[in-house]
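An overview of the molecular structure
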Amino acid sequence: MTRVRILSVSEVNQYLKTLLETNSLLKNLTIQGELSNVKRAASGHLYFSLKDATSKIDCVMFKNAAMGLKFIPKEGQQVTLRGSLGVYLPSGQYQITVRSMEPQGVGDLFQAYLALKSELEAQGYFDQERKKKLPEIISRVGIVTSPTGAAIKDMIAIINRRNPLIDIVIYPSLVQGYEAPKNIIQGIRTFNERQSVDVIVIGRGGGSIEDLWAFNDKNLARAILESELPVVSAVGHEIDYTISDFVADLRAPTPSGAAELVAEETMSMIRVLVQVKRRLIQSMETKIVSNREQLGQMKKEIMRFHPRERIGDMRLHLDVIQEWLLRSVKGRLKNDRLQLKNIEMRLGLMNPINVLKKGYVRVTDDQGLSIGSVAGLNMDQRIKLHFIDGEVDATIRSIKEN
Amino acid sequence: MAVKKLKSKISRLETIAELLEDDNQEIEASMKLFEEGMKLIKECNGDLDTLEGKITIMIDGEEKDFEGSVE
């Protein structure tokens, strides 16, 4: 009796995973098929199926690998991819983890592109030194592109938003297919013949590598090289590089990017205007202030010669004279007064009353007649002695003659 | 041509500012320059508001008004 070993689901899947993922053939697969059910997750991973007429296989391309894609994978597109087989345990499904992928048939195209690129590079088509600068003032922009695509819409919108003053001249052109290069070349030549614009933009919106192929044309490269007007090339998305991008005087990552390059913002003009206005007002103010100062100085200068000033001077002079006169008259008076005082003093000395003050007395007889000598006086005769402050009656007691 | 018109006015304005900043300018000349400058600034602001670039399309070698889908 055989004993059956019972396995869990996980065990089976794990066994298969180990078996398949260690197989050297399955680790390195190159598969050709048609894309279907293409989904780009928010994470950046790309999910799709690869199928042929009778079968299909699930594929995942993780973000890092998907970022290396040179084209945008589309439903129904024939591709060749490289990757390894893996098993997803939770659902027990197997899928191809894709490392790289390219559109089928483009392998040859890509080879041609590389060959043309190195040929033109060797001929100096891409030399930076011969590239023209965009003019400082761009007033008219010539755009060679499809008049109905999203690219022209975006460009017009952006130019109008940044600088509504700019004229836009559209040269309608095919931008994909066999006829496209001829069309674009004609556009470049027409603008050059007319010299009616300041800069030419050639370009188109994003697409597959085949869609952009018109811009990998040798004759177009030559036309760009020979253009006297500067040419801006804006083809596809930022990751798309074409020959025209390399030859052009300037490469814009996208048509919108080209619009931004050629349309100087009016904001910068407004800024210049504001600045100039400030400069005008400031220098005028400075000028007025300095002129006013000068005027004040001149006024002072002139006022020195004003008649009023001279009258003042004269008045001052007069004052001085008057003062001098007054002083001399006063001096005289003072002198006289001094003299008078002197005389008065001398007179005072001679006043008899003043003599009396010193102890002298006046002697009279009782009749009041002054007696100036002892002669004629008698014994017991009555006399009067006059003091300064009163009189004394006296009687003579003795007489002695000198 | 709207841009060229405006740009030439702006470059004249810059010249005027330089002249005004020169100390040797007579006051009368300065006043005149100042007036010219202020007038130009007003004009430029007006230009910015009213001037509009033309959008044309070349058809059979002729520029015609572009009535394309411009939002």
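Here the structure is shown first, and the text comes after it.
Residues numbered from 1 in each chain as written. Chains lettered and ligands numbered in written order. Predicted model: local features only at pLDDT ≥ 70, side-chain atom pairs only at ≥ 80, totals over all residues.

Topic: the overall build of chain B
Heads up, the rule is: Helix and strand definitions follow DSSP, with helices as H or I runs of at least four residues and strands as E runs of at least two, each counted in order from the N terminus. Put plainly, a residue is buried at 20 or more neighbouring C-beta atoms within 10 Å of its own, exposed at 12 or fewer, and partly exposed in between, counting only other residues' C-beta atoms, which are placed from the backbone. Residue pairs qualify as contacts under a 7 Å threshold applied to their C-beta atoms, which are placed from the backbone.
Looking only at helices and strands, chain B features two helices and two strands. In chain B, the order of α-helices and β-strands from amino to carboxyl end is α-α-β-β. Looking at chain B as a whole, 23% of its 71 residues are labelled buried. Of all intrachain contacts in chain B linking residues separated by at least 6 positions in sequence, the fraction that spans at least 24 positions is 48%.

Examining the overall build of chain A
A count of helical and extended segments in chain A gives 12 helices and 13 strands. By the burial criterion, 24% of the 402 residues in chain A qualify as buried. Long-range contacts, defined here as pairs at least 24 residues apart, represent 63% of the contacts in chain A between residues at least 6 apart.

Thoughts on the nonpolar core
For the record, the criterion: In plain words, the nonpolar core is the set of buried Ala, Val, Leu, Ile, Met, Phe, Trp, Tyr and Cys residues that C-beta atoms within 7 Å link up.
Ranked by internal contacts, the top residues of the largest apolar core, which has 65 residues, are A:Val141, A:Ile188, A:Val201 and A:Val232. It is helix α1 (residues 2-20) of chain B that provides the largest number of residues to this core, a total of seven residues. Among the nonpolar cores identified, the runner-up in size contains 11 residues, and A:Cys59, A:Met61, A:Val79 and A:Met101 belong to it.

As for the interface of chain B and chain A
Defined as follows: Any residue that is not Ala, Val, Leu, Ile, Met, Phe, Trp, Tyr, Cys, Pro, Asp, Glu, Lys or Arg is counted as polar, Gly included; the first ten are nonpolar and the last four charged. Two strands pair if DSSP finds at least two bridges between them.
In this assembly, 36 residues from chain B lie in contact with 30 residues from chain A. For the side of chain B that touches chain A, the elements supplying multiple residues, two or more each, are α1, α2 (27-50) and β1 (55-59) of chain B. Among the elements that line the side of chain B that touches chain A, the one with the most residues is α1(B), at 11 residues. Per-class residue counts for the side of chain B that touches chain A are 21 nonpolar, seven polar and eight charged. Where strand β7 (residues 167-172) of chain A and β1(B) come together, three bridges link them in parallel fashion.

Topic: helix α7 (residues 218-226) of chain A
Residue and element names in this part refer to chain A. Put simply, the rule reads: When we speak of the arc, we mean the arc of directions from the helix axis to the C-beta atoms.
The set of residues buried in α7 consists of Leu220, Ala221, Ala223 and Ile224. Down the axis, α7 shows its buried residues gathered within 160 degrees of arc, on one side only. In α7, those exposed residues whose orientation departs by more than 90 degrees from the buried face are Asn219 and Glu226.

A short note on the packing of helix α10 (residues 266-303) of chain A against α1(B)
Going by this rule: Each axis is a line fitted through C-alpha atoms, taken for helices only over the stretch in contact, and angles between the N-to-C directions span 0 to 180 degrees. For this classification, under 35 degrees means roughly parallel, over 145 means roughly antiparallel, 65 to 115 means roughly perpendicular, and everything else is oblique. Crossings are classed by handedness, with left-handed meaning an anticlockwise turn of the near helix from the far one by less than a right angle and right-handed meaning a clockwise turn.
Taken N-terminus to C-terminus, the directions of α10(A) and α1(B) make an angle of 25 degrees; their axes are 9 Å apart at the nearest point. If you check the angle between α10(A) and α1(B), you find them roughly parallel. Of the two elements, α10(A) crosses α1(B), and the hand of that crossing is left-handed. Within the contact between the two elements, α10(A) uses A:Met269, A:Val272, A:Leu273, A:Val276, A:Arg279, A:Leu280, A:Ser283 and A:Met284 and α1(B) uses B:Leu6, B:Ile10, B:Leu13, B:Glu14, B:Ile16, B:Ala17 and B:Leu20. In the contact of α10(A) with α1(B), the residues fall into 12 nonpolar, one polar and two charged.

Details of unusual backbone geometry
Most peptide bonds adopt trans geometry, and most residues besides glycine take a negative phi value. The phi dihedral of A:Asn37 is positive, around 55 degrees, even though this residue is not glycine. Tracing the backbone through its elements, the reader meets A:Asn37 in strand β1 (residues 29-40). Backbone geometry places B:Asp60, a non-glycine residue, at a positive phi of 55 degrees. Relative to the assigned elements, B:Asp60 resides in the loop between β1 and β2 (62-65). Judged by the 5 C-beta atoms lying within 10 Å of it, B:Asp60 falls in the exposed class.

Shape is all these values report; function is a separate question.
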